[in-house]
Amino acid sequence: MTVYVAPELKPPEPPPEARQLGAWVWLRKNLFSTWYNSLLTVVLGLAIVAGARGAFAFLLSPDRLWGVIPPNATNYAVDVYPRPELTRIWVVLAVVMTLVGFSAATWRPTGKTSWGTVLAVIRATGAAVFAVGLLVPGFFGGRVPLLVAGAVLILIGAVGIRAAGERAREENLPILGVVAGVLVLAVAVIWLLPVAETTKVPWTVEALVLVAAYLVGRPVVRAVGEKVLKVVLSFLWVLSLPVIYLHLERKPIIPWETVISWLPWVLPILAVGYLAIVYNSRAGREQAAAVNAVLVVAALGTWTVPAPMAARLLLLLLVGFTLAAPTFASSEKGRRNFLVGWTGAAFFLVYFVTLSVAETGLETQGDFLGGLNLTFLLALGGMLLSFPIGIMMALGRTSTMPIFRLLSTGYIEVVRGVPLITVLFFADKVVPRFLPPGLDFDGVVKAIIAIALFSGAYLAENIRGGLQSIPKGQYEAARALGMTTAQMTMLITLPQALRAVIPAIVGQVISLFKDTSLVAIIGLADFFRMARDIVPNQPTALGSQIENLVMAAVVYWIFTFSFSRASLRLERKLGVGTR
Amino acid sequence: MTDNGKRDIIICENVKKWFGDFQALRGISTRVFEQEVVVIIGPSGSGKSTWIRCINRLEVHQEGRIVVDGIELTSDVRNIEQIRSEVGMVFQQFNLFPHLTVLQNITLAQTWVRKRTKAEAEEKAMALLERVGIPEQANKFPGQLSGGQQQRVAIARSLAMDPKIMLFDEPTSALDPEMIKEVLDVMKELAQSGMTMLVVTHEMGFAREVADRVIFMDQGQIVEEGTPEHFFTNPQHDRTKLFLSQIL
């Protein structure tokens, strides 16, 4: 046998150049490779053209009443919200924009893209517009501008790619820059189109607020540190929901008489809370359990005697804090954080409950949140609330304690077994009969809670799937390091489980967003109901239901499509370092 | 007290354990004294792993007694957590936390279980990474490390808790041959520093060089135990002779 000894080890070589396929070769290869494939291509192509022509003939027919939609833009956005109070909505939007700006500065999407990608998108858009121009039936004036616009876009894209050459492929264009560019473009379009001043000016201001928040956010991040700001912003996002809701619904913002009348209850509970948390964070398991038992009895006891709602809920909140204290507040720092957290949560709860039962001075008839405004509030509220529910139910269902397992499994199976409409009806018509007098939430709050409870059950199953995908070794390693079950769950298994099920969670969020349209059943005027009933029934818009529904479908699609794109980025970002 | 004047740190008396009908441990009785290095060998399914997993109660024994550092293992949660924080364990599959960086892997339990401040924990972690020879990997994720590096991080993670005893459950079985040595070197250094160690392994070279005592197990029981010298030159039991003849 011959012996082979390598003279010296070879250095790595660059990969072979990918051969650029010409358009003709691509067509031959993918569409016309054999006679029956060619036949299929031609037949399907004709079918697509015929279908598209039909759709455009319908959508662009002179009989369509697209003209009714722009004058109703305000109705679509806010329904019957009192027009003199519209500034409140702009203020709320500005608050959200500020949060978005600061979040962008903090979580700074570092993703990069290339000019080539942007130009390719422009070229593809141009091709689509051009195709529409070709397929539009008849010879009316609409065709020429479409063809010209399409050709111009294709030209910009193609020439740009040609001119950039090799550089087009370099990933050196920050995503944030692209987003900013699109924003500028959007504002420019508003000013070019015939839009009312009352829309133009506020939107421009909102865009400026967004940019300003980002620019202010950068130095703040550097001064305070990314981690602190991330925590603060997460809290602010959660808090923003009730604040937004109350700012839109209540006038005055704080009813001082109610607040003062509750203080004799609230202050002692606050004090008891400090004592119990400090005691539980130092005491042994048995003593802590005894304190918790007393507090649970006291909390439930207040529901049997006349007491302010704030006091009852505050005691329940306290039970949550004292239960967690032995695990998470045993160090000096943890205890301090816990006491601050308790103070904050307590004040916030009182604020929220006070306002939800306060009279409003806003002049209106019935429920006055509606339109896209309401759809967003329902989606955001349902999403934020369904997460804690889903996580608790998932942990309960995988718990080794039979009572928790039974309760969670029962809850999940019952809720998943009934349609959302049933849950909404139940929340609207049945639950109020069981609530103590003096506590009747209005329709929007009930809808948010119903949606959250419903979505929470599905979320729980998704998260359970994630928990089951965690290898047994992770549990063993955590246990071998002496972690308690609570620490293991919060620090090791849950973070990994949530990461593993992002696609399923996004799917759930998307269907939650679309499911908000079912609240029409309990009489709320969300975006979908505006499109189906309210706008088309105006005397000036009779017979325009189809146009409005098509518009609504497009709007829903734009939002859900953005969700799924954003989640892809999130997945890629969180995928770093995982095996 | 044993004959050499050192304190017993692990006492096992007639430890039995069943998985369903299958008896995995058929009465293990032995003592381990402080700073002793015990290597456990035996064919697969002989109960080696089950036994050392009983010592930090990842498995629960059903009969007999196990006493670790004066604390008897019972179902009392406080005892278990106390023992686990004093007994470090290194697994065959490393079991690093993939969502945390190397540094976070080592500081997490220090801050949550040992209640150290972040600065203390990080200082300790860096010192240990220095000791296992990979300080430059501190801010990478486990998935970006080679198997040998991951196992060394896992050892550092356990050591960060200042354990009195270290358990090694086949620490080199999932590694490429070229990486085994770097892990064994760390373990040798650890043994020389006076750590009490129980090591389940198939690395006979390590057993011969480092062990104070070798235990051979088969069918859930201890077949033969003695010094490495006794084992590799003059084994007594037929089963031991057969096993050694097949692997040496």
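Within every chain, residues take consecutive numbers counted from 1 along the sequence as written. Written order determines the labels here, with chains lettered from A and ligands numbered from 1. Owing to the predicted nature of the model, reporting of local features is limited to residues with pLDDT of at least 70; listing and counting of side-chain atom pairs is limited to 80 or more, with chain, interface and lining totals taken over all residues. Side-chain metrics rest on all non-hydrogen atoms present in the structure, leaving aside hydrogens and water.

### With respect to the overall build of chain B
Our working rule: The way it works is that DSSP assigns letters per residue, a run of H or I at least four long becomes a helix, a run of E at least two long becomes a strand, and they are numbered from the N terminus. With C-alpha atoms as the basis for the radius of gyration, the globule rule is written as 2.2 Å multiplied by the number of residues raised to the power 0.38. Burial classes: relative accessible area under 20% of the type maximum marks a residue as buried, over 50% as exposed, and values in between as partly exposed (1.4 Å probe, protein chains only). In this analysis, two residues are considered to be in contact whenever any of their non-hydrogen atoms come within 4.5 Å of each other.
Helix and strand counts for chain B stand at 9 helices and 10 strands. Over its C-alpha trace chain B gives a radius of gyration of 18 Å, about what one expects of a compact globule, namely 18 Å for 248 residues. Seen along its three principal axes, the alpha-carbon backbone of chain B occupies a region of about 55 × 45 × 40 Å. Burial statistics for chain B: of 248 residues in total, 58% are counted as buried. In chain B, of all internal contacts separated by at least 6 residues, the share reaching a separation of at least 24 is 65%.

### Looking at the overall build of chain A
Selection rule: The Shrake-Rupley method, run with a 1.4 Å probe, gives the accessible areas here. Residue values count only the displayed protein chains as cover.
In terms of helices and strands, chain A carries 22 helices and 2 strands. The proportion of buried residues among the 579 residues of chain A is 37%. At a minimum sequence separation of 6, the contacts of chain A that also span at least 24 residues come to 78%. Total accessible area on chain A stands at roughly 32800 Å², and carbon and sulfur atoms take up 73% of it.

### Observations regarding unusual backbone geometry
Residues and elements named next belong to chain B. At Asn14, a position not held by glycine, the phi torsion is positive, near 50°. One can find Asn14 in strand β1 (residues 8-19). Although it is not a glycine, Asp162 adopts a positive phi angle of roughly 50°. Within the fold, Asp162 resides in the loop between α5 (147-159) and β7 (165-169).

### Here we look at a nonpolar patch on the surface
Applicable threshold: Here, patches come from residues exposed beyond 30% relative accessible area and free of salt bridges, joined within 9 Å for like charges and within 5 Å for nonpolar side chains (Val, Leu, Ile, Met, Phe, Trp, Tyr). We define a salt bridge as a side-chain nitrogen of Lys or Arg found within 4 Å of a carboxyl oxygen belonging to Asp or Glu.
A grouping of Trp35(A), Tyr36(A), Leu39(A) and Val43(A) is seen on the molecular surface, where their side chains present a nonpolar patch of about 500 Å² in accessible area. The topology assignment puts Leu39(A) in helix α2 (residues 35-59).

### Regarding the sheet that holds strand β2 (residues 22-33) of chain B
Residue and element names in this part refer to chain B. Heads up, the rule is: Two strands pair if DSSP finds at least two bridges between them.
Spatially, β2-β1-β4-β5 is the arrangement adopted by the 4 strands of the open sheet, whose pairing is antiparallel. Unpaired on one side and paired on the other, β2 and β5 (71-72) mark the two borders of the sheet. In this sheet, β2 lies alongside β1 in antiparallel orientation, the contact comprising 9 bridges. The partner of Val15 across the bridge, within β2, is Ile28.

### Here we look at the sheet that holds strand β8 (residues 196-200) of chain B
Residue and element names in this part refer to chain B. Defined as follows: Geometry is summarised by axes, namely lines fitted to C-alpha atoms with helices restricted to the contacting stretch, and by angles between N-to-C directions that run from 0 to 180 degrees.
Read across the open sheet, the 6 strands follow the order β6-β7-β8-β3-β9-β10; overall the sheet is mixed. Here the strands that pair on one side only, and so sit at the sheet edges, are β6 (87-90) and β10 (221-226). Within the sheet, the average angular offset between the axes of one strand and its neighbour, ignoring direction, is 20°. As paired elements, strand β9 (residues 213-218) and β10 share 5 bridges and run antiparallel to each other.

### Some words on the packing of aromatic side chains
Each aromatic ring pair is specified by the distance between its two centres and by the angle formed by the two planes. Residue and element names in this part refer to chain A. Filter applied, for reference: Classification of ring pairs uses Phe, Tyr and Trp, with its six-membered ring standing for Trp, and accepts pairs whose centres are within 6.5 Å; under 30 degrees between planes counts as stacked, over 60 as edge-to-face, and the remaining range as tilted.
Taken as a whole and assessed by the stated rule, the structure comprises 15 aromatic pairs over all chains. With 5.3 Å between their ring centres and 55° between their planes, Tyr76 and Phe527 make a pair best called tilted. Of the two residues, Tyr76 is situated in helix α3 (residues 73-78) and Phe527 in helix α21 (residues 527-534); the sequence distance between them amounts to 451 residues. By relative accessible area, Tyr76 is classed as buried at 5%. Considering the side-chain rings of Phe513 and Tyr556, the 5.6 Å spacing of their centres and the 65° angle between planes classify their relative orientation as edge-to-face. Of this pair, Phe513 sits in helix α20 (residues 502-515) while Tyr556 sits in helix α22 (residues 545-574), placing them 43 residues apart in sequence. Both residues of the pair, Phe513 and Tyr556, count as buried. An aromatic cluster is built from Tyr76, Phe376, Phe513, Phe527, Tyr556, Phe559 and Phe563, whose rings are joined through pairwise contacts.

### Here we look at the confidence of the model for chain A
For clarity, the cut-off: pLDDT is defined as a per-residue confidence score from the predictor, taking values between 0 and 100.
Summing up the model confidence of chain A, the mean pLDDT is 84 and the portion of residues at 70 or higher is 94%. Per-element averaging of pLDDT across chain A places strand β1 (residues 112-113) of chain A at the bottom with 76 and helix α18 (residues 472-480) of chain A at the top with 94.

### Examining the environment of Arg479(A)
In this structure, Arg479(A) sits in helix α18. Taking the relative accessible area as the measure of exposure, Arg479(A) reaches 26% and is therefore partly exposed. Once the C-alpha coordinates of Arg479(A) and Gly225(A) are considered, the two residues, 254 residues apart in sequence, prove to be 33 Å apart. Discounting chain neighbours no more than four positions away, the residues touching Arg479(A) are Thr485(A), Met488(A), Leu58(B) and Arg84(B).

### Points about a positive patch on the surface
Put simply, the rule reads: For the charge count, each Lys or Arg is scored as positive and each Asp or Glu as negative, with His and the chain ends excluded. By convention, charge coordinates are those of NZ in Lys, CZ in Arg, CG in Asp, or CD in Glu.
Among the surface-exposed residues, Lys227(A), Lys333(A), Arg336(A) and Lys118(B) lie close enough to one another that they form a single positively charged patch. Of note, Arg336(A) is situated in helix α13 (residues 332-356).

### Some points on the nonpolar core
We apply this condition: Each nonpolar core is a collection of buried residues, namely Ala, Val, Leu, Ile, Met, Phe, Trp, Tyr and Cys, held together in the definition by side-chain atoms within 4.5 Å.
Counting 49 residues, the largest nonpolar core has Tyr76(A), Tyr81(A), Leu369(A), Leu377(A), Leu424(A), Val444(A) and Phe527(A) as the members making the most contacts within it. Here the element with the most residues in this core is helix α17 (residues 443-468) of chain A; it accounts for 8 residues. The residues contacting Leu369(A), other than those within four sequence positions of it, are Tyr81(A), Tyr245(A), Leu248(A), Glu249(A), Leu374(A), Leu377(A) and Val444(A). Judged by nonpolar contacts, the second largest core, of 46 residues, contains Ile155(B), Val199(B), Val210(B) and Phe243(B).

### Regarding the interface of chain B and chain A
Test applied: Two parts placed together each lose some accessible area under a 1.4 Å probe, and adding up what both lose gives the buried area.
With 27 residues of chain B in contact, the opposing surface of chain A contributes 29 residues. Across the chain B to chain A interface the summed buried area is about 2500 Å²; carbon plus sulfur atoms make up 60%. Our count for the contact surface shared by chain B and chain A stands at 1 salt bridge. In this structure, Glu476(A) engages Arg53(B) in a salt bridge whose closest nitrogen and oxygen atoms are separated by 2.5 Å.

### Section: the side chain of Thr201(B)
Residue and element names in this part refer to chain B. Here is the rule we go by: In the analysis that follows, any N or O atom pair within 3.5 Å is treated as a polar contact, provided that within protein one partner can donate a hydrogen and the other can accept it, and provided that, for residues neighboring in sequence, both atoms belong to side chains.
Take Thr201: it is sitting in the loop between β8 and α7 (204-210). A polar side-chain atom of Thr201 sits 3.0 Å from the main-chain amide nitrogen of Glu203. Setting aside residues no more than four positions away along its own chain, Thr201 makes contact with Val39, Ile40, Ile41 and Thr172.

### Some words on the pattern of salt bridges
Taken as a whole and assessed by the stated rule, the structure comprises 33 salt bridges over all chains. A salt bridge links Glu461(A) to Arg397(A); the nearest nitrogen and oxygen atoms lie 2.8 Å apart. Residue Glu461(A) is located in helix α17, and its partner Arg397(A) is located in helix α14 (residues 371-398); the two are separated by 64 residues in the primary sequence. Residue classification places Arg397(A) among the buried positions, given a relative accessible area of 17%. As a salt-bridge pair, Arg7(B) and Asp69(B) come within 3.0 Å of each other at their nearest N and O atoms.

### Some details on α13(A)
Residue and element names in this part refer to chain A. Definition in use: A helix is expected to span 1.5 Å multiplied by its residue count minus one.
Here α13 is 25 residues long and its end C-alpha atoms lie 36 Å apart, about the 36 Å a rise of 1.5 Å per residue gives. Residues Gly334, Arg335, Phe338, Trp342, Ala346, Leu349, Val350, Val353, Thr354, Leu355 and Ser356 constitute the buried set of α13. Taken together, the buried residues of α13 touch α9 (226-249), α10 (256-282) and α12 (309-328).

### What about empty space enclosed by the protein?
Definition in use: Think of a 1 Å grid over just the protein atoms. A cavity is a set of points where a 1.4 Å probe fits yet cannot get out, a pocket is an open set with protein on both sides within 12 Å along at least five of seven lines, and lining residues have an atom within 4 Å of a point. Grid points are joined across faces, edges and corners, and a volume is the space filled by probe spheres set on the points. Lys, Arg, Asp and Glu make up the charged group, whereas Ala, Val, Leu, Ile, Met, Phe, Trp, Tyr, Cys and Pro make up the nonpolar group; the residues left over, Gly among them, are polar.
Applying the stated criterion to the full structure yields 3 cavities of 30 Å³ or more. Taken as a whole, the largest cavity holds about 70 Å³ of empty space. Along the walls of the largest cavity sit Ala477(A), Ala480(A), Leu481(A), Arg84(B), Ser85(B), Val87(B), Gly88(B), Met89(B), Phe91(B), Arg157(B), Ser158(B) and Met161(B), which together make up its complete lining. If you list the elements that add at least two residues to the lining of the largest cavity, you get α18 of chain A together with α2 (77-86), β6 and α5 of chain B. Sort the elements by how many residues they give to the lining of the largest cavity and β6(B) lands first, with 3 residues. Split into classes, the residues belonging to the lining of the largest cavity amount to 7 nonpolar, 3 polar and 2 charged. The volume enclosed by the second largest cavity comes to roughly 40 Å³.

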